[in-house]
Amino acid sequence: MGFLKSLFGGNDESPEEKKEREAARQFDVLKTDGVKALRMGQGELAVKCFTKALEIKDDLETRDYLSQAFIRLDRLSEARKQLEILAEAEPDNVHILLMMARVDYMMEDYNAMVMVCEKATLLDSENADVMFFYARAMKGQRDLVNAVAMYTKTIMLNEHFADAYLERGRLLLQMGDVEGAEEDAAHLETMAPDAEEVLLFKAEVMVAQKRQAEAIAIYDKAIEANPFCIAALKGRGALRLSIGDKEGAESDMRQLLEVDPTALDHVNGKFGG
């Protein structure tokens, strides 16, 4: 009968059917407009569109978009609530759990982060991203030994995971394992020798080994690549001051203040803070 009505132009659509069709149209328009706004960086507009769309129909993809919009606006607790709804609807979705872990990390809620990572590990214990966030959660809880172990497992699962090498290396340096930190720095040099973070970490290792001249040379390289690198200017200035190069330290201080006039507001008398 429906085919015949369509074929011969008949139309006896009920008011309820018309209402449902209009609601579906409005939902599609709001969702589409929200996606466009999100892609254009208009976060507040995206939130309004997605929220209105969800008032018409509950839709998991729209909630996912809404969580992304909240994250971009730094409205993290609201993003977390949307992700919780998604995780309840799809409890075996590791991607959603990883997004929750990212948000927890941004909020520095390491207890919640550990719980999420434990769930994700039960679903996929061979996922390097899961292990990486688990390591970050352990570090946030000050469980440094287990954090190192988790970073190590991350690297075992993905030997090209540069951030895992970098964060493990910094943690080892913090724990006094300079040799282990140097090994991670060496790995990073083979992967991204000119990356700013790698250069800064390598310089920190050199300082810990009292290889001041090599550390200064690395800071020189970082500053040459990026004259606005505050960390490199602070590091080189502090190092120059420590070896008695007051003129060089003052030069770095002047350059640092040109880059960031507030950079020395909380310095404790040793230049680098």
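Right above here is the structure, for reference.
Residues numbered from 1 in each chain as written. Predicted model: local features only at pLDDT ≥ 70, side-chain atom pairs only at ≥ 80, totals over all residues. Heavy atoms only, no water.

**Student:** Before we go on, may I ask you to explain the overall build of the protein chain in this structure?
**Tutor:** Helix and strand content of the protein chain: 15 helices and zero strands. A compact globule built from 273 residues would reach a C-alpha radius of gyration of about 19 Å, whereas the protein chain, at 26 Å, exceeds it by more than 25%. Projecting the C-alpha coordinates of the protein chain onto the three principal axes gives extents of approximately 95 × 45 × 30 Å. Counting every position in the protein chain, which comprises 273 residues, the buried fraction comes to 38%. (Helix = DSSP H or I, 4+ residues; strand = E, 2+ residues; numbered from the N terminus. Rg over C-alpha atoms; globule rule 2.2 N^0.38 Å. Buried < 20%, exposed > 50% of the residue type's maximum accessible area, 1.4 Å probe, protein only.)

**Student:** Looking at this structure, I do not really get the packing of helix α8 (residues 128–140) against helix α9 (residues 144–157). What am I missing?
**Tutor:** Each pair of packed helices gets described by two things: the angle between the helix axes and the distance between those axes. Relative orientation of the contacting elements α8 and α9 amounts to 165 degrees, with a least axis distance of 8 Å. Relative to α9, α8 is oriented roughly antiparallel. Considering the relative orientation of α8 and α9, their crossing is left-handed. Contacts from A128, M131, F132, Y134, A135, R136, M138 and K139 of α8 reach α9 at L144, N146, A147, M150, Y151, K153, T154 and L157. In the contact of α8 with α9, the residues fall into 11 nonpolar, two polar and three charged. (Axes fitted to C-alpha atoms, helices over the stretch in contact; angles between N-to-C directions. Parallel < 35°, antiparallel > 145°, perpendicular 65-115°, else oblique. Left-handed = near helix turned anticlockwise from the far one by under 90°. Contact = heavy atoms within 4.5 Å. Nonpolar A, V, L, I, M, F, W, Y, C, P; charged D, E, K, R; others polar.)

**Student:** Is there a simple way to think about the environment of L144 in this case?
**Tutor:** By the element assignment, L144 lies in helix α9. A residue is classified by how much of its surface remains accessible, and L144, at 16% relative accessible area, is buried. Sequence separation between L144 and A112 is 32 residues, and the spatial gap between their C-alpha atoms is 18 Å. With residues near it in sequence (within four places) discarded, L144 still touches K139, L171, Q174 and M175.

**Student:** How should I be thinking about helix α3 (residues 43–56) in this particular structure?
**Tutor:** Spacing of three or four residues puts side chains on the same side of an α-helix, whose turn is 3.6 residues. Between its first and last C-alpha, α3 extends 20 Å over 14 residues, near the 20 Å set by a 1.5 Å rise per residue. Among the residues making up α3, those that are buried are G43, A46, V47, C49, F50, A53 and L54. The buried side chains of α3 occupy one side of the element, clustering within an arc of 170 degrees when seen end-on. Exposed residues on α3 whose side chains face more than 90 degrees from its buried face are K48 and E55. Where α3 is buried, its residues contact α2 (15–39), α4 (60–72) and α5 (76–89). (Expected span 1.5 Å × (residues − 1). Arc of directions from axis to C-beta.)

**Student:** Even after reading the chapter, I still don't get the environment of G43, so can you show me in this structure?
**Tutor:** Following the sequence through the fold, G43 ends up in helix α3. Considering only alpha carbons, one finds G43 and R72, 29 residues apart in sequence, at a separation of 6.8 Å. Sequence-distant contacts of G43, that is, excluding residues within four places in its chain, are made with A69 and L73.

**Student:** Would you mind going over the side chain of E167 with me for this structure?
**Tutor:** Assignment of secondary structure puts E167 in helix α10 (residues 162–174). For E167, a relative accessible area of 11% gives the class buried. Among the polar contacts listed, one links the side chain of E167 to the side chain of Y151, at a separation of 2.5 Å. Among all residues touching E167, those that are not within four sequence positions of it are F132, R136 and Y151. (Polar contact = N/O pair within 3.5 Å; in protein donor to acceptor, adjacent residues only side chain to side chain.)

**Student:** How should the nonpolar core be read in this particular structure?
**Tutor:** The nonpolar side chains of a soluble globular protein tend to be buried, and buried together. If you look at the biggest cluster of nonpolar residues, it comprises 61 residues, and the most contacted ones within it are M100, F133, F201, V205 and A232. Considering each element in turn, this core owes the most residues, nine residues, to α8. (Core = buried A, V, L, I, M, F, W, Y, C linked by side-chain atoms within 4.5 Å.)

**Student:** Help me out: how do you make sense of unusual backbone geometry in this one?
**Tutor:** The residue D74 is not glycine, and still its phi comes out positive at about 65 degrees. Relative to the helices and strands, D74 resides in the loop between α4 and α5. A relative accessible area of 55% means that D74 is categorised as exposed. The backbone phi angle of K210 is positive, close to 60 degrees, even though this residue is not glycine. Within the fold, K210 resides in the loop between α12 (196–208) and α13 (212–225).

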